[in-house]
Amino acid sequence: MKIAVLPGDGIGTEIVDEAVKVLEVLDLKVELEFADVGGMAYDKHGHPLPEATLKLAKEADAILFGAVGDWKYDKLERQFRPEQAILGLRRNLGLFANFRPAICYEQLTHASSLKPELVAGLDILIIRELTGDIYFGQPRGRRAAPDGAFQGAEEAFDTMRYARPEIERIAHVAFQAARKRNRKVTSVDKANVLETFQFWKDVVTEVGQQYADVKLDHMYVDNAAMQLVKSPKSFDVVVTGNMFGDILSDEAAMLTGSIGMLPSASLNAANQGLYEPSHGSAPDIAGKGVANPLATILSAAMMLRFSLNQPAAADRIESAVKDVLSQGLRTADIWSEGTRKVGTREMGDAVVAAITTK
Ligand code: NAI
Ligand code: MG
């Protein structure tokens, strides 16, 4: 099996180094192949997603991605910006299902934006549809308003749309994920106002009939936003469209403390996936050796579980992360009084040590 490793920009290289160390100590039968992506790839090859990188990504079983982006590329034309590399990978590999677990580690309960009792033991999974919805629907643009009170005035418009197969496949992904967890799916929509999301609700309900062992409920997105901060533990798997998922997954991220702890996965129909921390390239702390590598290390664990079919190895990584937190080791973003502040490399070394001593 082959993993494409794309460290990218900013803290990307620092955090991916640590995840690679962890993968290597597990002594798995996998080959790691590195390639350039993002701003550094633009500097070297004139494109943020060079042909060779895309080719490697396509033939690999999984992609371990660091982060891309830096302010210095802000003035480039859109197609050359580092962030285009992620969109290009999503599009070319058909990565339509975005998994964002929100887990609040017992040792970090105080770092959450919420009261400790609301988040202690929190373990929910948000599944966001990633390639459809109003973000990609056509037509879109600007024009003179065709009718109504503002007729003739300049207006802008986007199109919200979902095709039945798009909803069906993300619903299957959600029900199957729920079977590996607590067998509960909450589908989030705005069916009371939007035709697109009445359709979404109908199709998810139909698919749900094939999963009689999984409990399905439906919630309007405004209520879901409220329930996520009122009683986050009442959810298990949440499935929703691209835009609602974008917003709710960032909201859920803040329940858990630091963005430096949050892994993510984007999967296609063949279970090939791109695994990356939920955060960006953090140019403000890049090169200082202080970034938290745990989101990337936990992304590697997700990769072993979802794309490489090595759940035991994934368990070993996740339990090693809990061990180092229990030992009181903290990078600056999760540090608090009474714990020991460590750098990126020390944190990675501690995870490796926790794996090898078991
Ligand atoms: P960011 O996630 O890079 O940083 C936000 C804040 O969180 C910063 O203060 C940063 O220091 C901190 N932070 C992030 N990761 C951390 C870690 N592992 N350990 C400790 N602290 C951490 O988001 P920002 O600043 O909005 O964007 C920076 C660049 O990253 C931009 O060019 C943006 O486009 C890009 N970006 C790339 C993503 C990707 O590669 N998937 C996703 C999000 C942003
Ligand atoms: Mg977002």
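Scoring rules and cut-offs
- Residues numbered from 1 in each chain as written.
- Chains lettered and ligands numbered in written order.
- Predicted model: local features only at pLDDT ≥ 70, side-chain atom pairs only at ≥ 80, totals over all residues.
- Near = placed C-beta within 6 Å.
- Nonpolar A, V, L, I, M, F, W, Y, C, P; charged D, E, K, R; others polar.
- Core = buried A, V, L, I, M, F, W, Y, C linked by C-beta atoms within 7 Å.
- Buried ≥ 20, exposed ≤ 12 C-beta atoms within 10 Å, placed from the backbone.
- Helix = DSSP H or I, 4+ residues; strand = E, 2+ residues; numbered from the N terminus.
- Contact = placed C-beta atoms within 7 Å.
- Domains from an automatic or database assignment.
- Pairing = 2+ DSSP bridges.
- UniProt positions renumbered as here; feature names shortened; annotations may be inferred.

**Q** Can you walk me through the site of ligand 1 in this structure?
**A** Every one of the 22 residues lining ligand 1 counts as a neighbour, but Gly69, Gly260, His279, Gly280 and Asn292 are closest to it. Of the residues contributing to the shell around ligand 1, the split by class is eleven nonpolar, six polar and five charged.

**Q** Quick question: what am I supposed to make of the nonpolar core here?
**A** Proteins that are soluble and globular tend to have nonpolar side chains buried together. Among the nonpolar cores identified, the biggest contains 107 residues, and Ile63, Leu64, Ile127, Ala174, Tyr275, Ile297 and Ala300 are the most heavily contacted of them. It is helix H10 (residues 294–306) that contributes the most residues to this core, ten residues altogether. Here Ile63 is in contact with Ala4, Leu6, Ala57, Leu274 and Tyr275, once residues within four sequence places are set aside.

**Q** How should the domain arrangement of the protein be read in this particular structure?
**A** Bring the parts together and some accessible area is lost; that lost area is often taken as the interface size. Domain boundaries in the protein define domain 1 (1–96 + 268–358) and domain 2 (105–135 + 161–258). Centre-to-centre separation of domain 1 and domain 2, based on C-alpha positions: 24 Å. Each partner contributes residues to the interface: domain 1 has twelve residues there, and domain 2 has 13 residues. Per element, the largest residue contribution to the side of domain 1 that touches domain 2 is three residues, and it comes from helix H11 (residues 311–326). By residue class, the composition of the side of domain 1 that touches domain 2 is five nonpolar, four polar and three charged.

**Q** Help me out: how do you make sense of the pairing of strand E4 (residues 97–103) in this one?
**A** Two faces belong to every sheet, and in a regular strand the side chains alternate between them. Buried residues dominate E4, accounting for seven of its seven residues. Across the two faces of E4 the burial is the same, with Ala97, Phe99, Pro101 and Ile103 and Asn98, Arg100 and Ala102 all buried. As defined by bridge partners, E4 adjoins strand E5 (residues 123–129) across seven bridges and the pair is classed as antiparallel. Paired with Ala97 across the strands is Glu129, a residue of E5. The sheet contact formed by E4 and strand E11 (residues 263–267) spans three bridges and is antiparallel. Paired with Phe99 across the bridge in E11 is Ala265.

**Q** How should I be thinking about the UniProt feature "domain: Isopropylmalate dehydrogenase-like" (unreviewed entry) in the protein in this particular structure?
**A** Mapped onto the present numbering, the UniProt feature "domain: Isopropylmalate dehydrogenase-like" (unreviewed entry) falls on residues 2–351. Segment residues 2–351 splits into 39% helix and 20% strand. End C-alpha atoms: 23 Å apart.

**Q** Explain the UniProt feature "site: Important for catalysis" (unreviewed entry) in the protein to me, please; I cannot follow it from the model alone.
**A** Those places that UniProt annotates as "site: Important for catalysis" (unreviewed entry) correspond, in this numbering, to Tyr135 and Lys190. By the secondary structure assignment, Tyr135 is in the loop between E5 and strand E6 (141–144). The exposure class of Tyr135 is partly exposed, given the 15 C-beta atoms found within 10 Å. Within the fold, Lys190 resides in the loop between strand E8 (184–189) and helix H7 (195–208). Residue contacts for Lys190: discarding those within four places in its chain leaves Phe197, Tyr220 and Val221.

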